[in-house]
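Understanding the architecture of this molecule
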Amino acid sequence: MTVRTVLAVAALTLQEASRRRVLRSLAALTVVLLALSAWGFSRLDAEFGGLTSGEAKVAGSTVLNLVMFGLSLIAALGTAFLAGPTVAGEIESGIALSVLARPIRRSAVLVGKWLGLVVFGSGFVCVAGLAQFLIVRATVGYWPPHPATGLALLAAQTTVLLSLGLLLSTAISPMASGIVAVGLFGATWIAGVVGSVGDALGNDSVAQVGTVSRMVLPTDGLWRGAMNSFQDPTLLLQVGSGIEESPFLSMAPLAGTYLAWTGVWIVLVLGLTAFAFQRRDL
């Protein structure tokens with residue numbers, strides 16, 4: 001019965017998300033980004049008078065990571081502002097009280113909503129990411145070495161952020177939860193850049209900023225793993241020294257221990273969300 005409830009709530013959450021205005025904004029931003037990237041990649045070969053295969057790999061890898069960051073930011077905005085109304089919005093409107101008055105566990109409703117948002121966010125990342133790969137392939141002839149792994153990591157990044165958004169929505173308003181979640185996403189990315197600069201300069205204290213931020217909120221760590229999956233393996237040798245400072249190139253793939261920590265992080269946040277939702281006065 002609980003499994004059926006979770007799946008039913010997940011389906012209803014997907015249906016509700018598809019009707020929200022934020023979805024149209026998300027789709028419009030994605031189309032604009034894809035169109036701009038298609039124009040930009042098509043101009044690379046034209047402006048430089050024909051790229052060799054090696055040059056195409058360097059240009060394709062670097063610019064692809066830049067565009068995919070824009071895509072991950074759009075996904076972050078969409079999921080953060082979808083997760084907020086999922087709990088806080090329904091509590092404020094009284095919908096949650098009418099649903100939970102029946103013999104339905106709050107935890108089942110919460111997990112169902114989380115699952116629906118995960119499917120929505122992961123589906124968006126995969127479809128938009130695949131479209132971007134096809135654009136790069138058609139314009140400069142580049143295809144990332146591990147596209148499935150990279151998209152899976154971006155989907156995990158989206159899952160982390162929407163889990164945080166759900167937790168925040170049990171304590172603050174829908175709009176505020178979205179703003180805080182996106183703000184933390186940006187702050188973690190900046191901290192990661194600062195940490196990379198610290199690594200390049202050999203400053204352990206500054207490097208710890210990035211390490212700690214990636215443990216507290218795994219979005220930047222997952223993003224760096226995705227970048228490594230999208231870029232050509234020979235790119236690090238061709239670019240040379242100073243690559244550690246680049247926010248759009250990654251030195252190494254993610255370790256299995258970090259992926260395990262990300263899974264633990266999501267479970268802990270969901271558990272805390274369920275505890276806060278259980279005690280929330282409807």
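Above this text is the structure in question.
In this report, the structure presented in the accompanying data block is examined. (Residues numbered from 1 in each chain as written. Predicted model: local features only at pLDDT ≥ 70, side-chain atom pairs only at ≥ 80, totals over all residues. Heavy atoms only, no water.)

This paragraph deals with the overall build of the chain. Looking only at helices and strands, the chain features eleven helices and zero strands. Reading the chain from its N terminus to its C terminus gives the helix and strand order α-α-α-α-α-α-α-α-α-α-α. Per-residue burial for the chain yields a buried fraction of 46% across its 282 residues. (Helix = DSSP H or I, 4+ residues; strand = E, 2+ residues; numbered from the N terminus. Buried < 20%, exposed > 50% of the residue type's maximum accessible area, 1.4 Å probe, protein only.)

What follows concerns the pattern of salt bridges. For the structure on display, the rule yields two salt bridges. Between Asp220 and Arg224 there is a salt bridge, with its nearest N and O atoms 3.2 Å apart. A residue pair is termed a helical-turn pair when its members lie 3 or 4 positions apart in one helix, as Asp220 and Arg224 do in helix 9 (residues 219–230) at four residues. Each member of the pair, Asp220 together with Arg224, is buried. Salt bridges sharing common partners tie together Arg214, Asp220 and Arg224. (Salt bridge = Lys/Arg side-chain N within 4 Å of Asp/Glu carboxyl O.)

With that out of the way, let us pick up the packing of helix 1 (residues 2–19) against helix 5 (residues 106–140). At a minimum axis distance of 7 Å, the contact between helix 1 and helix 5 shows a crossing angle of 45°. The pairing of helix 1 with helix 5 is recorded here as oblique in orientation. Of the two elements, helix 1 crosses helix 5, and the hand of that crossing is right-handed. Residues Thr2, Thr5, Val6, Leu7, Val9, Ala10, Thr13, Leu14 and Ala17 of helix 1 lie in contact with helix 5, whose contacting residues are Ala108, Val109, Val111, Gly112, Lys113, Leu115, Gly116, Leu117, Val119 and Phe120. Among the residues making up the contact of helix 1 with helix 5, the classes are represented as 13 nonpolar, five polar and one charged. (Axes fitted to C-alpha atoms, helices over the stretch in contact; angles between N-to-C directions. Parallel < 35°, antiparallel > 145°, perpendicular 65-115°, else oblique. Left-handed = near helix turned anticlockwise from the far one by under 90°. Contact = heavy atoms within 4.5 Å. Nonpolar A, V, L, I, M, F, W, Y, C, P; charged D, E, K, R; others polar.)

With that settled, the discussion passes to the packing of aromatic side chains. Per the stated rule, a full pass over the model turns up four aromatic pairs. Relative to Trp223, the ring of Phe69 has its centre 5.5 Å away and its plane inclined at 55°; by these criteria the two rings are tilted. Here Phe69, found in helix 3 (residues 53–93), pairs with Trp223, found in helix 9; they are 154 residues apart in sequence, far enough to count as distant. For the pair Phe69 and Trp223, a shared accessibility class is recorded, and that class is buried. In this structure an aromatic cluster arises from ring pairing among Phe69, Trp189 and Trp223. (Phe/Tyr/Trp six-rings, centres within 6.5 Å; stacked < 30°, edge-to-face > 60°.)

Our focus in this paragraph is the packing of helix 5 against helix 6 (residues 147–169). Two elements in contact, helix 5 and helix 6, have axes separated by 9 Å at closest approach and are oriented at 145°. In this structure, the crossing between helix 5 and helix 6 has a hand that is right-handed. Residues Trp114, Leu117, Val118, Gly121, Ser122, Val125, Cys126, Gly129, Leu130 and Phe133 of helix 5 form the contact with helix 6, whose own contacting residues are Pro147, Leu151, Leu154, Ala155, Thr158, Thr159, Leu162, Ser163 and Leu166. Of the residues contributing to the contact of helix 5 with helix 6, the split by class is 13 nonpolar, six polar and no charged.

On to helix 11 (residues 256–279). When the terminal C-alpha atoms of helix 11 are compared, their 35 Å separation across 24 residues agrees well with the 34 Å that a helix rising 1.5 Å per residue should span. Buried within helix 11 are the following residues: Tyr258, Thr262, Trp265, Ile266, Val269, Leu270, Thr273 and Phe277. (Expected span 1.5 Å × (residues − 1).)

A word on a nonpolar patch on the surface. A cluster of nonpolar side chains, contributed by Leu29, Leu73 and Leu77, occupies part of the molecular surface with about 220 Å² of accessible area. Within the secondary structure, Leu29 is located in helix 2 (residues 21–47). (Patch = residues over 30% accessible without salt bridge, like charges linked within 9 Å, V, L, I, M, F, W, Y side chains within 5 Å. Areas by Shrake-Rupley, 256 points an atom, 1.4 Å probe, with all protein chains shown as cover.)

Let's shift gears to the side chain of Asn228. By the element assignment, Asn228 lies in helix 9. According to the relative accessible area criterion, Asn228 is buried, its value standing at 16%. The contacts of Asn228, once residues within four sequence positions are left out, are Ser250, Met251, Ala252 and Pro253.

Before going further, it helps to examine the environment of Thr262. By secondary structure assignment, the location of Thr262 is in helix 11. Excluding residues within four positions of it along the chain, Thr262 makes contact with Val160, Pro218 and Leu222.

What follows covers the side chain of Ser72. By secondary structure assignment, the location of Ser72 is in helix 3. Using a relative accessible area of 4% as the deciding quantity, one classes Ser72 as buried. Residues in contact with Ser72, not counting those within four places in the same chain, are Leu154, Gln157, Phe185 and Trp223.

What follows covers the nonpolar core. Residues Leu64, Met68, Phe124, Trp223 and Phe230 are the most contacted members of the largest nonpolar core, which totals 52 residues. Elements supplying a minimum of two residues to this core: helix 2, helix 3, helix 5, helix 6, helix 7 (174–201), helix 9 and helix 11. It is helix 3 that provides the largest number of residues to this core, a total of twelve residues. (Core = buried A, V, L, I, M, F, W, Y, C linked by side-chain atoms within 4.5 Å.)

Glancing now at the environment of Leu66. Examined against the element boundaries, Leu66 turns out to sit in helix 3. Assessed through its relative accessible area of 44%, Leu66 is described here as partly exposed.

Okay, the environment of Phe277 next. Here Phe277 lies in helix 11. In this structure Phe277 comes out as buried when scored by relative accessible area, which is 6%. Separated by 110 residues in sequence, Phe277 and Leu167 place their C-alpha atoms 8.6 Å apart.

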